[in-house]
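These are the residues of each chain, in order.
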Amino acid sequence: MQVLTATTAAPAAATLVAADGTGAAAATAAVAAAVRQGLGEVVPLQIVDLLEPPQLQRLICGSPSIDLQLLRSHTKYTGYAESDKQIKWFWRALESFSQTERQSFLRFVWGRSRLPPAQAAWDQEMEVALKAPAARVPRPQPAAAAAAAAAEEEAEQQQQEGNSPPTITTPANGEAARARFSPTPAADALLLQQLTDEMLPQSHTCFFQVDLPPYSSYSVLRRKLLYAVTEGIAIDADNTADAANWDLEGD
């Protein structure tokens with residue numbers, strides 16, 4: 001007596017296949033027919049027989065190599081112009097990325113790792129939008145300002161008495177620190193730019209959009225962008241990047 005087993009050869013029905021192999025050919029044919037029907041929903045069946053498997057994969061999935069010229073031709077800008085230095089730095093940074101890092105960027109901004117084929121119709125264009133820079137200088141409490149002034153006065157007195165070497169102040173740290181206690185327009189501008197340089201890019205994968213802060217230099221932009229695309233892999237946690245306590249970083 002033959003033992004029959006049920007296999008789901010096609011979505012709509014089950015085919016009984018004998019344990020000794022009888023009926024296997026019919027089951028395989030049914031599976032192939034179901035796969036072909038599904039494939040026909042993606043690619044016209046008339047051209048399937050004309051393509052090699054790698055060609056068919058490329059047509060359906062796109063190329064694993066990120067073509068930046070193709071991506072650039074499908075990019076629009078909001079708050080930026082293509083001639084702005086930050087946009088030039090942005091593309092320069094992407095050009096410096098490896099293919100793996102470019103795939104990470106695409107996943108960060110669009111939730112996928114491949115571009116559509118060059119000849120395909122894109123349902124979305126990438127949008128590079130201006131992320132609002134820091135707009136408010138955090139002011140210290142009066143007690144903190146008084147303590148800082150007293151410490152600075154004591155340091156100057158020690159220098160005059162020869163008890164300590166002169167303090168070297170650099171624009172990257174000393175002036176920015178003084179700006180917190182010196183509310184002048186120039187000092188505020190310096191501090192606001194450094195606060196902006198602490199920010200990270202932010203993505204909106206549903207809209208194929210990346211919000212890019214107006215960074216002060218190429219090196220800052222590249223460092224922040226690379227960090228975002230390699231570490232910001234949890235789409236649901238996009239907003240946590242802004243809440244991080246980033247130290248001021250020099251170039």
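Residues numbered from 1 in each chain as written. Predicted model: local features only at pLDDT ≥ 70, side-chain atom pairs only at ≥ 80, totals over all residues. Heavy atoms only, no water.

1. Some points on the packing of aromatic side chains
Geometry of an aromatic ring pair is reported as the spacing of the ring centres plus the angle between the planes.
Consideration 1: Considering all chains together, one arrives at 4 aromatic pairs under this definition.
Consideration 2: Seen from their ring centres, Phe90 and Phe105 are 5.8 Å apart, and the 65° between their planes marks the pair as edge-to-face. With Phe90 in helix α5 (residues 85–96) and Phe105 in helix α6 (residues 99–110), this residue pair connects regions lying 15 residues apart in the sequence.
Consideration 3: Aromatic side chains Trp110 and Trp122 sit 6.0 Å apart centroid to centroid with 20° between the ring planes, which places their arrangement in the stacked category. Placement of the pair is Trp110 in helix α6 and Trp122 in the loop between α6 and β4 (126–130), with a sequence separation of 12 residues.
Consideration 4: A relative accessible area of 5% means that Trp110 is categorised as buried.
Consideration 5: Among the residues examined, Trp122 registers a relative accessible area of 14% and is labelled buried.
Consideration 6: Grouping aromatic residues by their ring pairs yields a cluster made of Phe90, Trp91 and Phe105.
Consideration 7: The ring of Tyr218 carries Arg92 above its face, with NZ or CZ at 3.7 Å from the centroid.
Consideration 8: Between the NZ or CZ atom of Arg112 and the centre of the ring of Trp110, over which it lies, the distance is 3.8 Å. (Phe/Tyr/Trp six-rings, centres within 6.5 Å; stacked < 30°, edge-to-face > 60°. Helix = DSSP H or I, 4+ residues; strand = E, 2+ residues; numbered from the N terminus. Buried < 20%, exposed > 50% of the residue type's maximum accessible area, 1.4 Å probe, protein only. Lys NZ or Arg CZ within 6 Å of the ring centre and 35° of its normal.)

These results come straight from atomic positions and should not be treated as a statement about function.
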